[in-house]
Amino acid sequence: MFSVIPSARLRPSPFLEAAMAEGLQTASVYNRMIMPGSYGDMQAEYWRLINGVSMWDVGVERQVQVKGKDAAKLAQILSPRDLSKCKIGQGKYIPMVNHSGILINDPILLKHEEDMFWFSIADSDVMFWAKAIAAERGLEVDITEPDVSPMAVQGPLAEDVVASIFGDWVRDLKYFWFHDSEVEGIPVAVQRSGWSKQGGFEIYLKDSRFGSQLWNIIKEAGLPYGIGPGSPTTAERIESGLVSCWGDTDYTTNPYEVRLGNYIDLDVPDDVIGIKALRKIHAEGPKRHQLGLILETNIPKPFRFAWEPLMSGGQVVGDMTCCSWSPRLTKNIGFALISKEFNAGDEVEVMRGDENVLAKLVELPFL
Ligand code: THG
């Protein structure tokens, strides 16, 4: 194997030291940061998320803070989801598109004040984009990266763990709503969120000096519940139908193709980036859609970075954009981004170099 050359470009999260002390085995790169992966037992990590509680270093979900007189205006310009009814203390899942209606990021927006927002971003550079748009539109805003790093606590027992640290008020938080708090003097915001469908919270650390201390507080509080380290879990997110922006999408993919149409409001003002393109795409009807795939093989996916083409009748009809063994379905499953001519119930072939594998299209989510 290889090791990583330390570099200021590859920013560590404040939790990385604690994660390495837990025996971190694999990592990837996300938002130009090191993103922890597995701690050596992916089966145990998966079942802990499904049946118990798991803690994740997701400091790679970087925050872009927009503050100032025109902050609300810029936030709306950057997303085709209507933000006019968003309240202070509320979070919203907001797809972002470019001028052609192509999906470029899918942040969670946190509204802190009438004139202050955080974009909690997926893997692409929203800072460049937001600064460029603000300057081009002549808006009065300060766009900065605050010293803020999320950690996720996920799974059916996450609420008990987080309540034992912060108090029973966390049980009343609605989905994506958040509240400022502290523990042992460490400033945080606590939000009901996280990239799984097993329930849970994200604790946004607001002072990176305390990464290891916060990690250990959560670990200790979680001990009676069997907490252990983990990370965003490919098998679970595919079973649950969660989209990975830039994993399941590329520079040709619009939100309607990947089941994000519910988060687009076509009657937002005309100055919202990409809204005219989205109205056109919506009116004409998207050409592709995202469906589940159940592969007729128990052989694991080969080690491969690229999408795998889907064939029917000798023609390429789409792509398989992700694939994983599902421990609950005991099958290999994935997502298809495929021509609208194909629907749930149809069969296609997944091209895997020499070997083609039959796969059945199904509705998402799997579970
Ligand atoms: N947490 C935080 N920031 C993030 C992520 C996160 N930024 C990047 C990335 N993840 C954003 N992507 C998603 C995608 C989906 C969801 C959350 C973040 C999600 N979706 C639910 C669903 O699809 O069912 C609910 C959405 C809704 O109905 O509003 O939870 O994980 N801090």
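Because the structure is a prediction, the values reported are computed rather than measured. (Residues numbered from 1 in each chain as written. Predicted model: local features only at pLDDT ≥ 70, side-chain atom pairs only at ≥ 80, totals over all residues. Heavy atoms only, no water.)

(A) Here's a closer look at the side chain of Ser54. Mapped onto the secondary structure, Ser54 falls in strand 3 (residues 54-57). Classification of Ser54 as buried rests on a relative accessible area of 1%. A polar contact of 2.9 Å, which involves the side chain of Ser54, links it to the side chain of Trp56. Those residues within four positions of Ser54 in sequence are excluded, and the remaining contacts are Leu49, Ala152, Val153, Gln154, Ile227, Gly228, Pro229 and Gly230. (Helix = DSSP H or I, 4+ residues; strand = E, 2+ residues; numbered from the N terminus. Buried < 20%, exposed > 50% of the residue type's maximum accessible area, 1.4 Å probe, protein only. Polar contact = N/O pair within 3.5 Å; in protein donor to acceptor, adjacent residues only side chain to side chain. Contact = heavy atoms within 4.5 Å.)

(B) View of the sheet that holds strand 11 (residues 149-154). With mixed pairing, the six strands of this open sheet are ordered in space as 12-13-14-11-3-15. Bordering the open sheet on either side are strand 12 (178-183) and strand 15 (228-230), each of which pairs with just one other strand. Ignoring which end each strand starts from, the neighbouring axes of this sheet average 30° apart. Of the pairings in the sheet, the one linking strand 11 to strand 14 (residues 200-205) comprises six bridges and is antiparallel in character. Looking at the pairing, Ala152 lines up with Glu202 of strand 14. Against the sheet, helix 5 (residues 158-166) touches strand 11, strand 12, strand 13 (186-191) and strand 14, its axis set at about 40° to strand 14. Sitting on the sheet, helix 6 (residues 211-222) touches strand 3, strand 11, strand 12, strand 13, strand 14 and strand 15, and the angle it makes with strand 3 is about 170°. (Pairing = 2+ DSSP bridges. Axes fitted to C-alpha atoms, helices over the stretch in contact; angles between N-to-C directions.)

(C) Structural detail: the site of the ligand. As a structural note, the neighbourhood of the ligand is formed by 16 residues, with Asp106, Ser120, Lys197, Glu202 and Tyr204 the closest of them. The contact in question runs from a nitrogen atom of the ligand to an N or O atom on the side chain of Glu202, over 2.8 Å. The contact in question runs from an oxygen atom of the ligand to an N or O atom on the side chain of Tyr263, over 3.0 Å. Relative to its free-state accessible area of 650 Å², the ligand is covered by the protein chains to the extent of 86%. For the shell around the ligand, the per-class residue count stands at ten nonpolar, two polar and four charged. (Near = heavy atom within 4 Å. Areas by Shrake-Rupley, 256 points an atom, 1.4 Å probe, with all protein chains shown as cover. Nonpolar A, V, L, I, M, F, W, Y, C, P; charged D, E, K, R; others polar.)

(D) Looking closely at helix 5. Those residues of helix 5 that fall on the buried side of the exposure criterion are Ala158, Val161, Val162, Ala163, Ile165 and Phe166. Packed against the buried residues of helix 5 are strand 11, strand 12, strand 13, strand 14 and helix 6. Within two residues after helix 5, Gly167 carries a phi angle of roughly 115°, on the positive side.

(E) Expanded view of the pairing of strand 8 (residues 108-113). The element strand 8 is extensively covered by neighbouring structure, given that five of its six residues are classed as buried. Two strands pair when backbone bridges link them, and strand 5 (residues 91-93) and strand 8 are joined in this way by three bridges, in the antiparallel orientation. Counted as the bridge partner of Lys92 is Leu109 from strand 8. Sheet analysis places strand 8 next to strand 9 (residues 116-120), joined by five bridges and oriented antiparallel.

(F) Quick look at the packing of helix 5 against helix 6. With their axes 9 Å apart at the nearest point, helix 5 and helix 6 run at an angle of 115° to one another. Crossing handedness for the pair helix 5 and helix 6: right-handed. Across from Val161, Ser164 and Ile165 in helix 5, the residues of helix 6 making contact are Ile217, Ile218, Ala221 and Gly222. When grouped by side-chain class, the residues that make up the contact of helix 5 with helix 6 number five nonpolar, two polar and no charged. (Left-handed = near helix turned anticlockwise from the far one by under 90°.)

(G) Highlighting helix 4 (residues 126-136). What helix 4 keeps buried is the set Val126, Met127, Ala130, Ile133 and Ala134. Summarising the axial view, the buried residues of helix 4 lie within an arc of 140°, below the 170-degree limit, and thus occupy one face. Set apart from the buried face of helix 4 by more than 90 degrees, the exposed residues are Phe128, Ala135 and Glu136. Summarising the contacts, the buried residues of helix 4 are in contact with strand 4 (63-67), helix 3 (71-78), strand 6 (96-97), strand 7 (103-105) and strand 10 (142-144). (Arc of directions from axis to C-beta.)

Take it as geometry only, folks, not as evidence of what the structure does.
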